[in-house]
Amino acid sequence: CNVSVLWIVYDPKKKIVLKYGESRPCGMNYNKSSIHAEHLALNYCRKLKKCYHIYIWRYSKKGDIKYKWCCSSCTKLLQKYNYTNYVFIFKENNICPAIIKDPQISLCYL
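About the thresholds
Throughout this document, residue positions are counted from 1 along each chain, in the order its sequence is written. The model is predicted, so local features are restricted to residues of pLDDT at least 70 and side-chain atom pairs to those at 80 or more, both for listing and for counting; the totals for chains, interfaces and linings are taken over all residues. As a rule here, side-chain values come from all non-hydrogen atoms in the structure, and water together with hydrogens is ignored. The cut-offs for exposure are 20% and 50% of the maximum accessible area for each residue type, with area from a 1.4 Å probe on protein chains only; residues under the lower value are buried, those over the upper are exposed, and the others partly exposed. Secondary structure counts use DSSP, requiring at least four H or I residues in a row for a helix and at least two E residues in a row for a strand, with both numbered from the N terminus. In short, DSSP must find at least two bridges between two strands for them to pair. In what follows, residue pairs with any heavy atoms lying within 4.5 Å of each other are defined as contacts. Helix span, expected: 1.5 Å multiplied by one less than the number of residues in the helix. In this description, the arc belongs to the directions extending from the helix axis to the C-beta atoms. Here the nonpolar core consists of buried residues drawn from Ala, Val, Leu, Ile, Met, Phe, Trp, Tyr and Cys, with membership extended through side-chain atoms lying within 4.5 Å.

Account for the pairing of strand S5 (residues 53-59), naming residues and giving values.
Burial analysis of S5 places five of its seven residues in the buried class, the great majority of the element. Sheet topology note: the strand S1 (residues 6-11)/S5 ladder contains five bridges and is antiparallel. Bridging from a neighbouring strand, Ile8 pairs with Tyr55 of S5. Across three bridges, S5 lies against strand S7 (residues 87-91) in parallel orientation. From the neighbouring strand, Tyr55 faces S7, where its bridge partner is Phe88. In the sheet, S5 pairs with strand S6 (residues 65-66) via two bridges, with the strands oriented antiparallel.

Right, dumping it as structure tokens:
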């Protein structure tokens, strides 16, 4: 069962995908269990010093796209770098903001 969250960085002006990837687990002696997709995508955008759109999603067991809201730590990170208006999800064939008012704590910290 693949539980990773996929992400892409999209340039809306040129209408191209610049980078893509997925969340990844961390090894031993690391303070977190995984690096979230939002964090990896934000690091890529910060290196380029431009505001690109970030899209995140998961796949269901049937292979359909599922939406994945940002957790509380990713929300804080995106707020810190003023990137909350550039992160999106796919929900019911629509593009929606990935930031919600009361985000959940990541599963590894429950």
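So much for the structure itself; the text now carries on.
So what's going on with the environment of Ser34? Residues and values would help.
Residue placement: Ser34 occurs in strand S4 (residues 34-35). For Ser34, a relative accessible area of 22% corresponds to the partly exposed category. In this structure, the C-alpha to C-alpha distance between Ser34 and Ser4, residues 30 residues apart in sequence, is 9.6 Å. Other than its neighbours up to four places away in sequence, Ser34 contacts Arg24, Pro25 and Cys26.

Now, about helix H1 (residues 37-48): what can you tell me, with residues and values included?
When the terminal C-alpha atoms of H1 are compared, their 17 Å separation across 12 residues agrees well with the 16 Å that a helix rising 1.5 Å per residue should span. All buried positions along H1 are accounted for by Ala37, Glu38, Ala41, Leu42 and Cys45. Axial view of H1: buried residues confined to an arc of 120 degrees, hence all on one face. Of the surrounding elements, those touching the buried residues of H1 are S1, S4, S5 and helix H2 (72-80). Of the residues trailing H1, Lys49 is marked for its positive phi of about 60 degrees.

I'd like to hear about the nonpolar core, residue by residue, with values.
The biggest cluster of nonpolar side chains holds 19 residues, and the ones touching the most others in it are Val9, Ile54, Ile56, Cys70, Tyr83 and Val87. Secondary-structure elements contributing two or more residues to this core are S1, H1, S5, H2 and S7. Discounting chain neighbours no more than four positions away, the residues touching Cys70 are Glu38, Ile56, Thr75, Leu78, Val87, Ala98, Ile99 and Pro103. Counting five residues, the second largest nonpolar core, distinct from the first, contains Ile8, Tyr55, Trp57 and Phe88.

Break down the environment of Asn93 for me, citing the residues and quoting the values.
Within the secondary structure layout, Asn93 lies in the loop between S7 and strand S8 (94-97). The exposed category is assigned to Asn93, whose relative accessible area is 82%. Each C-alpha atom of the pair Asn93 and Lys68 lies 14 Å from the other, and the pair is 25 residues apart in sequence.

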